[in-house]
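Okay, here's what each chain looks like letter by letter:
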Amino acid sequence: AGVPDHESSGDAALLPEVLHYAATHFQHEEAFMEQVGYPELAAHCAEHKLLTRTLLAYKRDYEEGRTDLYGLKHFIFRWVRDHIMDNDRKIGLFLAQKGSPSGKPTAC
């Protein structure tokens, strides 16, 4: 924690782009899950809100000069590992059991 150095400030400055990507991804994914009748939609959306709140907290900390770059990178790693590779994968498994709406494999 503390004022970001030159190297870390460049990484943390990507936060607005990460937030934009997350918001866009979550919006599309949630609309898709609703369209296909995904039974865990509410829980998945709640997780998206938690992920967004965490990213916003990192952004606020960065703007206030309290960047925890290691924590941010670790959070993003966990997000990819836990949320995308586990929870998002469950959507694909649901579609495989149900059969995708188009009859073709579907990706989120």
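Scroll up a little and you will see the structure.
Residues numbered from 1 in each chain as written. Predicted model: local features only at pLDDT ≥ 70, side-chain atom pairs only at ≥ 80, totals over all residues. Heavy atoms only, no water.

**Student:** Explain helix H3 (residues 41–63) here, please?
**Tutor:** Structurally, the α-helix is built with 3.6 residues per turn, so residues lying three or four positions apart point the same way. Over its 23 residues, H3 extends 33 Å from the first C-alpha to the last, a length consistent with the 33 Å expected when each residue adds 1.5 Å. Buried positions along H3 lie against helix H2 (15–36) and helix H4 (69–98). (Helix = DSSP H or I, 4+ residues; strand = E, 2+ residues; numbered from the N terminus. Expected span 1.5 Å × (residues − 1). Contact = heavy atoms within 4.5 Å.)

**Student:** I keep staring at the packing of aromatic side chains and nothing clicks. Help me out?
**Tutor:** Any aromatic ring pair is given by two values, namely how distant the centres are and how the planes are angled relative to each other. Per the stated rule, a full pass over the model turns up 4 aromatic pairs. Both rings, one in Phe-26 and one in Trp-79, keep their centres 5.9 Å apart while their planes meet at 55°; by these two values the pair is tilted. Taken together, the residues span a long stretch of sequence, with Phe-26 in helix H2 and Trp-79 in helix H4 at a distance of 53 residues. Residue Phe-26 shares its accessibility class with Trp-79, and that shared class is buried. Both rings, one in Tyr-38 and one in Phe-94, keep their centres 5.4 Å apart while their planes meet at 75°; by these two values the pair is edge-to-face. Here Tyr-38 is found in the loop between H2 and H3, whereas its partner Phe-94 is found in helix H4, with 56 residues between them in sequence. In this structure Tyr-38 comes out as buried when scored by relative accessible area, which is 6%. Grouping aromatic residues by their ring pairs yields a cluster made of Phe-26, Tyr-58, Phe-75 and Trp-79. (Phe/Tyr/Trp six-rings, centres within 6.5 Å; stacked < 30°, edge-to-face > 60°. Buried < 20%, exposed > 50% of the residue type's maximum accessible area, 1.4 Å probe, protein only.)

**Student:** I tried to follow the pattern of salt bridges on my own but got confused; where do I start?
**Tutor:** Where charged atoms from two side chains of opposite charge come close, those side chains can pair. The tally for this structure, following the rule as stated, stands at 5 salt bridges. Two residues, Lys-59 and Glu-63, come together in a salt bridge whose shortest N-O distance is 2.6 Å. Here Lys-59 and its partner Glu-63 are both found in helix H3, 4 residues apart, which amounts to about one turn of the helix. Its relative accessible area of 23% is what places Lys-59 among the partly exposed residues. The salt bridge involving Asp-61 is made with Arg-60; its shortest N-O contact spans 3.9 Å. A relative accessible area of 42% places Arg-60 in the partly exposed class. (Salt bridge = Lys/Arg side-chain N within 4 Å of Asp/Glu carboxyl O.)

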